[in-house]
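# Analysis of the macromolecular model
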There are 2 protein chains.
Amino acid sequence: MLKIGIAGYGNLARGVECALRSCADMQLCAVFTRRDPSCVKILTEAVPVLPLDSITEWKDHLDVLLLCGGSASDLPAMTPLLAQHFNVVDSFDTHARIPEHFSAVQRAAEGSGHIAVISAGWDPGLFSLNRLYASAILPNSSTYTFWGRGVSQGHSDAVRRIPGVLDCRQYTIPVPQAIDSVRSGHAPQLTTRQKHTRHCFVVAAPDADLHRIEEQIKTMPNYFADYDTTVTFITQQELQRDHAGLPHGGHVINTGATGWNGEHKQRIEYTLELDSNPEFTASVLVSCARAAMRMAGRGCKGCYTMLDIAPADLSPLSREELMASLL
Amino acid sequence: MLKIGIAGYGNLARGVECALRSCADMQLCAVFTRRDPSCVKILTEAVPVLPLDSITEWKDHLDVLLLCGGSASDLPAMTPLLAQHFNVVDSFDTHARIPEHFSAVQRAAEGSGHIAVISAGWDPGLFSLNRLYASAILPNSSTYTFWGRGVSQGHSDAVRRIPGVLDCRQYTIPVPQAIDSVRSGHAPQLTTRQKHTRHCFVVAAPDADLHRIEEQIKTMPNYFADYDTTVTFITQQELQRDHAGLPHGGHVINTGATGWNGEHKQRIEYTLELDSNPEFTASVLVSCARAAMRMAGRGCKGCYTMLDIAPADLSPLSREELMASLL
């Protein structure tokens, strides 16, 4: 029975709690929070909620610690720090900063003799794996990633920072014609605008200038300026009723050709359709915790990503069971 | 530069030759055949074609030998035999006999200190990986595999053995309603007949009893009796014109739920659409040859499947390049 701890208690951590419930080989032992523990109510009975600054007292009592902080401000410091005392798994997802995060975690985990799996989830994570498998098998092929239809929390947050905006849900939506064009095998060159559209459902303050808010959204650099964006103003009640979920998903599509003269088209496509992005990401993290312990048992230490994990290590089944049941 | 040999020279081996052409880190060094080498014309210039029974003379001159024999009669003996002298990769695809094949190859490869990757390809292979990833991440989910539309060589061969049949191409076709039902997340119980249909394009001898042939096909146990099968008689010219290719593909679909009470549906789907089944399978084998050498370099020996291979080992890119470019 693997003894699991959770650091941080938001949507992702609640997803981990739910995922652990389906895993007969793992047990949630403690949740650590920066908030006042007496104010944090978790789903699992009889599991203690403890202050994060007491976490090192648990260093000999947990097999793996799942880090459920955010990539922007929590994980860059938290993962290297906690990898000094625990085997850890995080979901660091700021793609451009992964090499830097890897180096910091690698130093900490190698130094302490622990194992750290970073950037687990679906992108980075399962989507990365599919980009890798497809491009390794078809070296001269083209790989495309489409996200959505799904809620982007970063984009929702960006809109919420605009004065006069009370709340927002932003959906990222792949352009169907772009997907069709990629699937056809023509390897089109697609601009950012051609691949995805964005749709913001915005709750504005009663006295706000809606025209100004819409302009500020549509022209926001990095987030919206390069996309065709639709802004729809709704009430807080409508937002709660129609946009309470956190769905997401997308496609990794790879098209290439084989044959002496590239005469045969080949297409590989991976699709996720997720009702709950944080719960699915959490389920990936939990399987990576299992792999981390398997790898630690073989003497591995240092920092890894899902690209380094032998798939069999993610499963509760033995090698013999896997060979008989699903190979 | 990895030095690669090919044992056997049929469709799969020609696919390997084509795939190696796209790999800057590998070089085809020799092809071994049971036929008279002077009668075997290969695609690559200046590569020797040699008798299979001289192969052990090459034991110190090849990094990996790709075994391109058939699963029914070649590989069960060939893979254990050659794993005594070479690092080998095969595409053994008789699912029910994989554990037995694994044991035989494991003994040979461990004894000789070589590495063997068996059952590489797409099913077993990439489809197995997707069944594994999906079921490890969503433990209480349902996994479905649909094959086709594609040519099944085993079924085509079975029809060709019927007296009066000169030639046949058999297509396996997934039932669209079954796929829709699975995608909906209802986890339907599907019979063999509900999942796939079969379509045989048959060239009959001029004097053959077509009605008798059709009956013999449709009632053939294991191959056709459990399916709705369509038989279409065509001429040899039509077969060559319209059915010369070996397309295949399919879907691995996994549907499950997350949340404290399973309230959120999650769907994972993997699709292959292949113009050439043997060329795609060959491309997978070639990437496994690269992984085998990486693993051998770290001291691994014995028998492995793709479930045991860390994905990064399949790619020509370094860990740092992968992290920067596709994680």
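Conventions and cut-offs
- Here the residue numbers are simple positions, counted from 1 along each chain's written sequence.
- The naming scheme follows written order: chains are lettered A onward, ligands numbered 1 onward.
- In view of the model being predicted, local features appear only for residues whose pLDDT reaches at least 70, and side-chain atom pairs are presented and counted only at 80 or more, with totals across whole chains, interfaces and linings using the full set of residues.
- Hydrogens and water are ignored here; the side-chain numbers use all heavy atoms of the structure.
- Exposure is judged per residue with a 1.4 Å probe applied to protein chains only, and the accessible area is read against the type maximum: over 50% gives exposed, under 20% gives buried, and values in between give partly exposed.
- Counting from the N terminus, the helices are DSSP H or I runs at least four residues long and the strands are E runs at least two residues long.
- Here, two residues are considered to be in contact whenever any of their heavy atoms come within 4.5 Å of each other.
- The split into domains, and so the bounds of each, comes from an automatic or database assignment of domains.
- Each of two parts loses accessible area, computed with a 1.4 Å probe, when they are put together; buried area is these two losses added.
- Counted as salt bridges are all cases of a side-chain nitrogen of Lys or Arg within 4 Å of a carboxyl oxygen of Asp or Glu.
- Here a polar contact means two N or O atoms within 3.5 Å. Within protein one must be a hydrogen donor candidate and the other an acceptor candidate, and residues neighboring in sequence count only if both atoms are side-chain atoms.
- Superposing copies: least-squares fit, C-alpha atoms only, residues required to have pLDDT of at least 70 in both.
- When DSSP finds two or more bridges between a pair of strands, those strands are recorded as paired.
- Every axis corresponds to a line fitted to the C-alpha atoms, with the helix fit spanning only the stretch in contact, and the corresponding angles, defined between N-to-C directions, vary from 0 to 180 degrees.
- In the scheme used here, Gly and all other residues not listed as nonpolar or charged are polar, with Ala, Val, Leu, Ile, Met, Phe, Trp, Tyr, Cys and Pro taken as nonpolar and Asp, Glu, Lys and Arg as charged.

### Side note on helix 1 (residues 11–21) of chain B
All names here are of chain B.
- With 8 of its 11 residues buried, helix 1 lies for the most part within the structure.
- For helix 1, the set of buried residues is L12, A13, G15, V16, E17, C18, A19 and L20.
- Summarising the contacts, the buried residues of helix 1 are in contact with strand 1 (2–7), strand 2 (26–33), strand 4 (64–67) and helix 10 (277–297).

### As for the domain arrangement of chain A
All names here are of chain A.
- Each assigned domain of chain A is listed with its residue range as follows: domain 1 (2–123 + 278–326) and domain 2 (126–275).
- A separation of 28 Å is found between the C-alpha centroids of domain 1 and domain 2.
- Taken together, the contacts link 11 residues of domain 1 with 14 residues of domain 2.
- Buried surface at the junction of domain 1 and domain 2, both sides included, amounts to about 1000 Å², of which 71% is carbon and sulfur.
- Considering only the side of domain 1, the residues that lose the most area to domain 2 are W122, D123 and L307, jointly responsible for 56% of the buried surface there.
- At the junction of domain 1 and domain 2, the tally comes to 1 salt bridge.
- One salt bridge connects R131 with D123, and the closest N-O pair in it is separated by 2.8 Å.
- Linking domain 1 to domain 2 there are 5 residue pairs in polar contact (both at pLDDT 80 or more).
- The element contributing the most residues to the side of domain 1 that touches domain 2 is helix 10 (residues 277–297), with 3 residues.

### Examining the relation of the copies chain A and chain B
- Between chain A and chain B, which share one sequence, the superposing operator has a rotation angle of 180 degrees and an axial displacement of 0.0 Å; the RMSD is 0.0 Å. Here the copies are linked by what is in effect a two-fold axis.

### Let's talk about the sheet that holds strand 10 (residues 196–204) of chain A
Residue and element names in this part refer to chain A.
- Read from one edge to the other, the open sheet built from 4 strands follows the order 8-9-10-11, with strand pairing classed as mixed. Among the strands making up the open sheet, the edge pair consists of strand 8 (150–151) and strand 11 (228–233).
- The pairing of strand 8 with strand 9 (residues 165–174) spans 2 bridges and is classified as antiparallel. The partner of G150 across the bridge, within strand 9, is T172.
- Across the sheet, helix 5 (residues 153–160) is in contact with strand 8, strand 9 and strand 10; its angle to strand 9 comes to roughly 145 degrees.

### Concerning the interface of chain A and chain B
- At the interface, 68 residues of chain A touch 68 residues of chain B.
- Ranking the residues of chain A by area buried against chain B places I137, W260 and L327 of chain A at the top, with a combined share of 15%.
- Connecting chain A to chain B are 4 salt bridges.
- A salt bridge links R267 of chain A to E273 of chain B, with the shortest nitrogen-to-oxygen separation between them at 2.9 Å.
- At the boundary of chain A with chain B, the tally comes to 33 residue pairs in polar contact (both at pLDDT 80 or more).
- Contributing elements (two or more residues each) for the side of chain A that touches chain B: helix 1 (11–21), helix 3 (98–112), helix 4 (126–137), strand 13 (264–274), helix 10, strand 14 (302–304) and helix 11 (319–325) of chain A.
- Of the residues assigned to the side of chain A that touches chain B, the class counts are 35 nonpolar, 20 polar and 13 charged.
- Pairing geometry for strand 13 of chain A and strand 13 (residues 264–274) of chain B, over 9 bridges, is antiparallel.

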